[in-house]
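Understanding the architecture of this molecule
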Amino acid sequence: MAYRSLPKFNPEGRFIVNRPFLYNGHSVQPGELVEGIPTRRLRQLFETRQVTSAPPAAQHKEAAPAARKGKR
């Protein structure tokens, strides 16, 4: 089975959980923001696709609907 290639790992970036896993006795669920995990372990989780890089904070917020211009 072919996989898409991974983007380059950036340790300063934000990461969210793709698949549930147990880390240091705590269950981590999909959609949670990853915090407090050392860089080496974070890279391993990223390469096994258990975490993914989060979009920038500006895109993470819901955008307000754009006002329509023109005829009403």
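Throughout what follows, the structure given in this document is the object of discussion. It should be emphasised that the depicted structure is a prediction, and the values quoted were computed from it without experimental measurement.

**Let's talk about unusual backbone geometry**
In this model, Asn24 sits at a positive phi of 55°, which is unusual for a non-glycine residue. The residue Asn24 is located in the loop between β2 (21–23) and β3 (26–28) in this model. A positive phi angle, near 60°, is found at Arg49, a position not held by glycine.

**Brief notes about the pattern of salt bridges**
Should the charged atoms of two oppositely charged side chains come close, the side chains can pair. All told, the structure shown has one salt bridge when counted by the stated rule. The closest approach of N and O atoms between Arg43 and Glu47, which form a salt bridge, is 3.8 Å. Here the residue Arg43 and the residue Glu47 both occupy positions in helix α1 (residues 39–47), the gap between them amounting to four residues, near one helical turn. We classify Arg43 as partly exposed; its relative accessible area is 39%.

Rules used throughout
Residues numbered from 1 in each chain as written. Predicted model: local features only at pLDDT ≥ 70, side-chain atom pairs only at ≥ 80, totals over all residues. Heavy atoms only, no water. Helix = DSSP H or I, 4+ residues; strand = E, 2+ residues; numbered from the N terminus. Salt bridge = Lys/Arg side-chain N within 4 Å of Asp/Glu carboxyl O. Buried < 20%, exposed > 50% of the residue type's maximum accessible area, 1.4 Å probe, protein only.

Geometric values such as these leave the question of function open.
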